[in-house]
Amino acid sequence: MSTLNYSKTKQAARWFDVRRRKAGMWAYALNRITGIGLVVYLYLHLGVLSMLIRGQSAWDSFVALARSPFYLALDVILLAGILIHGLNGLRLAFTGLGFSVGAQKALFIILMVIGAIILLVAALKIFQV
Amino acid sequence: MSVNAFDQESKPTVAWLWQVVTGVGLVVLLCLHIVANHFVAKGGLRDYAAVVAYLRNPIILVLEILFLVCVTAHALLGVRAIFLDLGLSDRVEQILTRTLKWIGVLTVGYGLVVMWFVIR
């Protein structure tokens, strides 16, 4: 039984190991890693929003803290995760519905380049604040 | 021999289609949320008074509730997909789906309570 569980876990975690894999597996792994990160962030974010219930002073103190360079750098990392997951997710939706199936690799590369450009522009905007 | 994941992804199921629908919705709603709350807002974040004024706009409130529902559904469907890779039995899959549905209901409920406290 333990052997079965181990092999299932190992099989399930196969997507995480991208060594010697093609671009498709990198795209798949990136989508899942960023997805897990974004789920964790979602619940942290919802937790932080509880400060709105505690009132003006609690929220405004948090806002002052969140404007520090450390938090702004975290925002850039968050945005990178959103862009990778969102743009790669759009590719998955297109190809899963039967569009551009033959051009998946090119689509992935193009979307990641677009994402990198958006991230650069947004990072400059974030640190201008 | 390497596996070509481009050939393996996205077998259309009802859950997958919901993930696509909520994902496409999120592209629009998340853009609005980020731009409105972090790029348009003075200083990159709204202070308490600005959050209250923002959420008291009925159109914004509806959009933020839609955003909350879409992001929660999309996130939990994604978590379910990762767990399903473990090759769960039908019974465990049913328990997982039910548990995630309740987590989703509680998450949306919590978000609505926060919004209610802000706009009341």
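Conventions we followed
- Residues numbered from 1 in each chain as written.
- Chains lettered and ligands numbered in written order.
- Predicted model: local features only at pLDDT ≥ 70, side-chain atom pairs only at ≥ 80, totals over all residues.
- Core = buried A, V, L, I, M, F, W, Y, C linked by C-beta atoms within 7 Å.
- Buried ≥ 20, exposed ≤ 12 C-beta atoms within 10 Å, placed from the backbone.
- Helix = DSSP H or I, 4+ residues; strand = E, 2+ residues; numbered from the N terminus.
- Contact = placed C-beta atoms within 7 Å.
- Nonpolar A, V, L, I, M, F, W, Y, C, P; charged D, E, K, R; others polar.
- Axes fitted to C-alpha atoms, helices over the stretch in contact; angles between N-to-C directions.
- Parallel < 35°, antiparallel > 145°, perpendicular 65-115°, else oblique.
- Left-handed = near helix turned anticlockwise from the far one by under 90°.

## Considering the nonpolar core
Within the largest apolar cluster, 11 residues are counted, these being M25(A), A27(A), Y28(A), L38(A), I82(A), L83(A), I84(A), L87(A), L107(A), F108(A) and L111(A). The set of elements that each furnish at least two residues to this core consists of α2 (23-48), α5 (69-96) and α6 (104-128) of chain A. Once you skip the residues sitting within four places of it in the chain, L111(A) turns out to touch L87(A), N88(A) and R91(A). In this structure, L26(B), C70(B), V71(B) and L76(B) belong to the second largest nonpolar core, which totals seven residues.

## Structural notes on the interface of chain B and chain A
If you look at the interface, chain B gives 35 residues, while chain A gives 38 residues. Contributing elements (two or more residues each) for the side of chain B that touches chain A: α1 (14-39), α2 (48-55), α3 (58-84) and α4 (90-119) of chain B. Looking at the side of chain B that touches chain A element by element, the count peaks at seven residues for α1(B). Taken together, the residues of the side of chain B that touches chain A sort by class into 22 nonpolar, 10 polar and three charged.

## Remarks on the packing of α2(A) against α3(B)
Relative to each other, α2(A) and α3(B) sit at 130°, their axes nearing to 10 Å. Judged on the interaxial angle alone, α3(B) and α2(A) are oblique. Here the hand of the crossing between α2(A) and α3(B) comes out left-handed. Facing R32(A), G35(A), V39(A) and L42(A) of α2(A), the residues of α3(B) in contact are V71(B), A75(B), G78(B), V79(B) and I82(B). Its residues assigned to classes, the contact of α2(A) with α3(B) shows six nonpolar, two polar and one charged.

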